[in-house]
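Examining the three-dimensional arrangement
Next come the chains, spelled out residue by residue.
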Amino acid sequence: MVEEGFQPDECSFLDILKACSFLSFLELGRKSHASIVKSGYGHTKLVSNALVNMYARSQGGIGYARQLFDEMSDRDSVTWNVMISGFVHSKSYITSLEFFCLMTIGRERPNVITFAIIFPVCVQMGSFTTGLCVHGLAIRMGLVSKTLVGNALVSMYAKFGRSVDACYLFDEILEKDVVSWNATIAGLCENNQYVEARNLFSAMVFRGYMPNSATIVNVLPIYGLLQDRDHGRQIHCYLLRASLDTHVYVNGALLDVYAKCGNIQVASNLFNNSSQPDLVMFTAMIGGLAMHGRSEEAVKIFDQMLQAEIKPDHVAMTAILSACSHGGLLDKGRKYFESMSDAFGIKPTIEHYACMADLLARSGCLKEAYEFVSNMPCEANANVWGTLLGACKMHHNVALGQVAGYHLFNVEAGNIGNYVLLSNIYAADRRWDRVEDLRKMMKQKDLKKPAGCSWIERKMLGKKGTTMFVSQPILEMSLFAKVCALQLAMAINAPITASTIPGMHEPHPGLPAKKEEEEESL
């Protein structure tokens, strides 16, 4: 344009600065800045804000942005928001919060965009108290019910583990959009409330909101964890109709759902039909094959990933080590674990150590497994000791099981399953005195086994039903009366109806009288 003899105007410079900001081209942005000054557009508010934004978004340019900001005499809310966002982009969270405080006492007051920027800062700083103070300011300014502010608030409360408050704030948003639903669903998933997240997704669809790729990526893992294959298929059909099946992250999540729901063949078809599977898809496929005991195939997929020059991350390494553990591939597992740091530059985490300990223990190398756990650079957690205790039960090693069990009692004292597992090891070795000691210990700590429960689906909503206790004498009397009445009706050839058998229309003693309560408690 310049070579053809045309002079850029204000709109041209705004587009150039926007492109430099998006591509983080600092040097080209500085040259454009020089041209703007020569052209006389440097003092207009629009161009000044665009220059601050360009410098703030470019790597290493936050200092220039601060200098321009200080030189500006006429700042508006956009200038402040751009500067605060620039500090957030450069991870200067404390400075961004300081600028927010300066803005609150200045002429320009924070708006919805300011609060949408600052709430994630509170999360990054890990300061819920600061988030509460900012929330209070938003309430006084009457901005909590606005969509942008409400969405940021929901995400903040959910990330701090306050999902109940997040749902309450979600209800307070006057004009919800897809982002509002996505933030709440993601928050419930982060707090392990998968059934509630699934029910909220059903409500979202029922109210006419169209899920996007972000929604699907949040929702699909829920169906895998709950092993809800039918709804997973429905989501797959929706993806095909909405042309969202080309999204690589969506395909990875969909593959993971089918693998966890037991349909490994469909998962394999999705993987094989993918033109360019990425790290997520490779990891999901390796984990799915490992889950189904097809460890050799998982190793082949991992080698295929390496041949495609895709570098594994810590999740992929956890998946392949788990595959080796389930398949008893001791040599392969050792090779992968030892090559993590040198070949892939991955420092082993506690999950990798747990997989390696499980591999050694399952293979019968209990002594080596115990030495491995004892020499770990990090302190062993409940997963590591639980793996070792389970292997001791499998291989009937009482002495080592006792050591692992008492380590578990120190790390995870409130888990009754650890006591039961060690008690079973003692019982298999006929050490009844130790079994009695464990029972006394459980009684002293008031540990009780939770009631068994089953998941049912009623009106598209997940319900959890627990078993109910009915006293044995009452149950036997009731059943005896019904059997006698049935035998009598058969002897006299009377029609067998509900009125023939006593108590057919009456609720059983000890069970809920209402029909709805019966259905919910089963």
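Presented here is a report on the structure given in the accompanying data block. (Residues numbered from 1 in each chain as written. Predicted model: local features only at pLDDT ≥ 70, side-chain atom pairs only at ≥ 80, totals over all residues. Heavy atoms only, no water.)

Quick look at the overall build of the protein chain
As a reminder, the rule being used: Numbering of helices and strands starts at the N terminus; helices are DSSP runs of H or I of at least 4 residues and strands are runs of E of at least 2. Residue burial is assigned from relative accessible area. The probe radius is 1.4 Å, only protein chains are included, and a residue is buried under 20% of its type maximum, exposed over 50%, and partly exposed in between. We get accessible surface area from the Shrake-Rupley algorithm with a probe of 1.4 Å; when it comes to residues, only the shown protein chains can shield them.
Along the protein chain, the regular secondary structure elements total 29 helices and 2 strands. By residue count, 43% of the 522 residues in the protein chain fall in the buried class. Total accessible area on the protein chain is roughly 28900 Å²; 55% of this is exposed by carbon and sulfur atoms.

What to know about the pattern of salt bridges
Rules: Only one rule defines a salt bridge in this text: a Lys or Arg side-chain nitrogen within 4 Å of an Asp or Glu carboxyl oxygen.
Applying the stated rule across the entire model yields 8 salt bridges. E190 is paired through a salt bridge with K159; the nearest N and O atoms lie 3.2 Å apart. Highlighted residues: E190 in helix α11 (residues 178-190) and K159 in helix α9 (residues 147-159), separated in sequence by 31 residues. Here E190 falls in the partly exposed class, since its relative accessible area comes to 44%.

Quick word on unusual backbone geometry
At N192, a position not held by glycine, the phi torsion is positive, near 60 degrees. Looking at the element boundaries, N192 is found in the loop between α11 and α12 (194-206). The exposed category is assigned to N192, whose relative accessible area is 55%. Phi at H396 is positive, roughly 60 degrees, even though this residue is not glycine. Counting through the fold element by element, H396 comes out in the loop between α24 (382-395) and α25 (398-411). Overall, the relative accessible area of 63% leaves H396 in the exposed class.

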